[in-house]
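# A look at the structure
The chain contents come next:
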Amino acid sequence: MYFGLVYYPPIDHQGFHDFRKKYEPYHALLSAHVTFIFPVPATIGRNKLEKHIKEIVSDWKPFDAHFCTVEKTWDHWMYLFAKQGHNSIIELHDQLYEGMLKPYLRKDLPFYPHIGLGLFSKENYDFDNPTANLSLDNVKYEQARKEFEKLKFDLWCTIDKLTLVAINAEYSECRNLSEFEIGG
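Criteria and cut-off values
- Residues numbered from 1 in each chain as written.
- Predicted model: local features only at pLDDT ≥ 70, side-chain atom pairs only at ≥ 80, totals over all residues.
- Heavy atoms only, no water.
- Buried < 20%, exposed > 50% of the residue type's maximum accessible area, 1.4 Å probe, protein only.
- Helix = DSSP H or I, 4+ residues; strand = E, 2+ residues; numbered from the N terminus.
- Pairing = 2+ DSSP bridges.
- Axes fitted to C-alpha atoms, helices over the stretch in contact; angles between N-to-C directions.
- Contact = heavy atoms within 4.5 Å.
- Lys, Arg positive; Asp, Glu negative; His and termini not counted.
- Salt bridge = Lys/Arg side-chain N within 4 Å of Asp/Glu carboxyl O.
- Polar contact = N/O pair within 3.5 Å; in protein donor to acceptor, adjacent residues only side chain to side chain.
- Core = buried A, V, L, I, M, F, W, Y, C linked by side-chain atoms within 4.5 Å.
- Parallel < 35°, antiparallel > 145°, perpendicular 65-115°, else oblique.
- Left-handed = near helix turned anticlockwise from the far one by under 90°.
- Nonpolar A, V, L, I, M, F, W, Y, C, P; charged D, E, K, R; others polar.

## Points about the pairing of strand β5 (residues 114-119)
- Of all six residues in β5, six are buried, a share of seventy percent or more.
- Pairing between strand β4 (residues 77-84) and β5: five bridges, direction antiparallel. By the bridge assignment for β5, Leu80 is matched with Ile115.

## Things to note about the sheet that holds strand β2 (residues 34-41)
- The strand order β2-β1-β7-β8 describes an open sheet built from four strands, whose pairing is antiparallel. Looking along the sheet, the strands with just one partner apiece sit at the ends: β2 and β8 (174-181). Recorded for the sheet is a direction-independent mean angle of 20° between the axes of neighbouring strands.
- The pairing of strand β7 (residues 161-167) with β8 spans seven bridges and is antiparallel. Its bridge partner being in β8, Ala166 is matched across the sheet by Arg175.
- Where helix α3 (residues 86-96) meets the sheet, its contacts fall on β1 (2-7), β2 and β7, and the angle it forms with β2 comes to roughly 20°.

## Side note on the side chain of Asp75
- Topologically, Asp75 is positioned in the loop between β3 (63-72) and β4.
- For the buried residue Asp75, which engages in no salt bridge, the nearest side chain bearing the opposite charge is Lys72, 7.6 Å off.
- Within the structure, the side chain of Asp75 is placed 2.4 Å from the side chain of Thr73, a separation counted as a polar contact.

## A look at the nonpolar core
- Counting 46 residues, the largest nonpolar core has Phe36, Phe67 and Leu92 as the members making the most contacts within it.
- Membership of the second largest hydrophobic core comes to twelve residues, among which are Trp77, Phe81, Ile167 and Tyr171.

## Let's talk about the packing of helix α2 (residues 46-57) against α3
- It is at 10 Å that the axes of α2 and α3 come closest, and there the two elements cross at 140°. By the angle between their directions, the pair α2 and α3 is classed as oblique. Crossing of α2 over α3 shows right-handed handedness. Contacts between α2 and α3 involve His52, Ile53, Ile56 and Val57 from the first element and Leu92, Gln95 and Leu96 from the second.
- For the contact of α2 with α3, the per-class residue count stands at five nonpolar, two polar and no charged.

Next comes the structure, spelled out in structure tokens:
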């Protein structure tokens, strides 16, 4: 089992949800979210992790974010990137990976503040080996990009609460464990 920490933005747009259901292979695992801590082994201990998270987020104030830029990443994911709030998300992410989580920071993977929209590789994505060489399904990607543009989706939100989640080893089930008010 793994633990992760996410922000669930309030998205009331059926077209957005339909798009993710069509192109995001893990849409049923996790609702649309912004990841702050990527899956770490549960062996680190839930109580220790919760204490760590609470200490970090209590020094923060809620902050606004604007997700409006669609781009493809090096590993063929389509992301909705944060234009405003980008630096704050990175700073909070980096602080969370200090102390007990420092050994779990993946320096080989760039961190982009985003909401995942879809995966456009011809091969299946491997969470345990995210740097595996994948080939782009360019036709499907271009079709999806045009489809998403037609939605004219633009999200403003206030990042004020993060949720600790538990994910099983097969990445097929996820459940919310606890919430952390930013500044609380």
